[in-house]
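The primary structure of each chain is shown beneath.
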Amino acid sequence: MAAKEVVDAVTMKRALTRIAYEIIERNRGLEDLVLVGIKTRGIFIAQRIAERLKQLEDIDVPVGELDITLYRDDVKDKSLEDPEVHSSNIPVNLEGKEVIVVDDVLYTGRTIRAALDAIMDFGRPNKIQLAVLVDRGHRELPIRADYVGKNIPTALSEAIIVEMEESDGKDRILIKN
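Residues numbered from 1 in each chain as written. Predicted model: local features only at pLDDT ≥ 70, side-chain atom pairs only at ≥ 80, totals over all residues. Heavy atoms only, no water.

- Looking at an unreviewed UniProt entry, one finds the protein named Bifunctional protein PyrR, with Enterococcus asini ATCC 700915 as its source organism.
- The record in UniProt for the protein states the following under Catalytic activity (unreviewed entry): "UMP + diphosphate = 5-phospho-alpha-D-ribose 1-diphosphate + uracil".
- Checking UniProt for the protein, the heading Sequence similarities (unreviewed entry) contains the comment "Belongs to the purine/pyrimidine phosphoribosyltransferase family. PyrR subfamily." (UniProt positions renumbered as here; feature names shortened; annotations may be inferred.)

Below, the structure written as structure tokens:
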């Protein structure tokens with residue numbers, strides 16, 4: 001099936017800039033803020049948001065990397081019999097911090113639920129927020145993003161593909177039937 005580009009590199013950059021501005025507006029000071037990206041593209045998005053926050057507010061926001069593989073509720077699924085586990089890297093203690101979990105696509109909510117479980121193993125933050133590049137709908141759990149780059153309604157049969165320069169050589173978002 002063919003994939004159709006729905007967001008180009010310029011629009012993606014604008015969406016990430018808008019998220020950065022919203023983070024500044026909703027958080028009083030950024031001193032206790034930590035961005036935690038879900039592997040893999042969530043990390044790239046978190047790093048880009050941190051770079052934008054540095055440009056806008058001249059503050060270095062720590063960025064952590066979170067692997068949720070062992071926290072997923074579908075780990076018993078046959079296709080995940082031997083899940084490939086990567087390490088998480090959280091550069092600061094999350095105790096008492098304002099954490100923003102960052103992911104590329106919000107779909108059923110199960111990835112975010114797993115991320116919340118994983119984060120608690122690194123300490124108890126004061127607050128956890130969620131930033132996603134794309135919200136495609138079809139939630140199975142009561143999870144809502146605080147910051148959304150793009151709302152892209154989809155059919156259940158469609159897939160959202162986020163491509164990023166760091167891993168795919170270009171920035172764009174595709175819908176695949």
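Now that the structure has been shown, we can carry on.
Some points on the UniProt feature "short sequence motif: PRPP-binding" (unreviewed entry) in the protein
Point 1. Here the UniProt feature "short sequence motif: PRPP-binding" (unreviewed entry) sits at residues 99-111.
Point 2. Span residues 99-111 is 15% helix and 62% strand, its end C-alpha atoms 16 Å apart. (Helix = DSSP H or I, 4+ residues; strand = E, 2+ residues; numbered from the N terminus.)

So, the pattern of salt bridges
Point 1. Counted by the stated rule, this structure contains 14 salt bridges.
Point 2. Of the charged contacts, one joins Asp168 and Arg41 as a salt bridge, the two residues approaching to 2.9 Å between their closest N and O atoms. Of the two residues, Asp168 sits in helix H4 (residues 165-168) while Arg41 sits in helix H2 (residues 41-57), which places them 127 residues apart along the sequence.
Point 3. A relative accessible area of 32% places Asp168 in the partly exposed class.
Point 4. Each of Glu5, Glu163 and Arg172 takes part in salt bridges that share partners, so that together they form one network. (Salt bridge = Lys/Arg side-chain N within 4 Å of Asp/Glu carboxyl O. Buried < 20%, exposed > 50% of the residue type's maximum accessible area, 1.4 Å probe, protein only.)

A few points about the sheet that holds strand S3 (residues 63-66)
Point 1. If you trace the 5 strands from one edge of the open sheet to the other, you get S3-S2-S4-S5-S6, paired in parallel fashion. This sheet does not close on itself; its edge strands, each paired only once, are S3 and strand S6 (147-151). The average angle at which neighbouring strand axes cross in this sheet is 25°, direction not considered.
Point 2. Pairing geometry for strand S5 (residues 127-135) and S6, over 4 bridges, is parallel. Its bridge partner lying in S6, Asp135 is registered against Asn151.
Point 3. The strands that helix H1 (residues 9-26) touches are strand S2 (33-38), strand S4 (98-106), S5 and S6; relative to S6, the one it contacts most, it runs at about 155°. (Pairing = 2+ DSSP bridges. Axes fitted to C-alpha atoms, helices over the stretch in contact; angles between N-to-C directions. Contact = heavy atoms within 4.5 Å.)

With respect to the sheet that holds strand S8 (residues 172-176)
Point 1. The 3 strands lie next to each other as S1-S8-S7, forming an open sheet whose pairing is antiparallel. Every interior strand has two partners, whereas the edge strands, strand S1 (3-7) and strand S7 (159-163), have only one. When the angles between neighbouring strand axes are averaged without regard to direction, this sheet yields 30°.
Point 2. Pairing of S7 with S8, which is carried by 5 bridges, proceeds in the antiparallel orientation. Across the sheet, residue Ile161 finds its bridge partner in S8, namely Leu174.
Point 3. Where H1 meets the sheet, it contacts S1, S7 and S8, and its direction lies at approximately 45° from that of S1.

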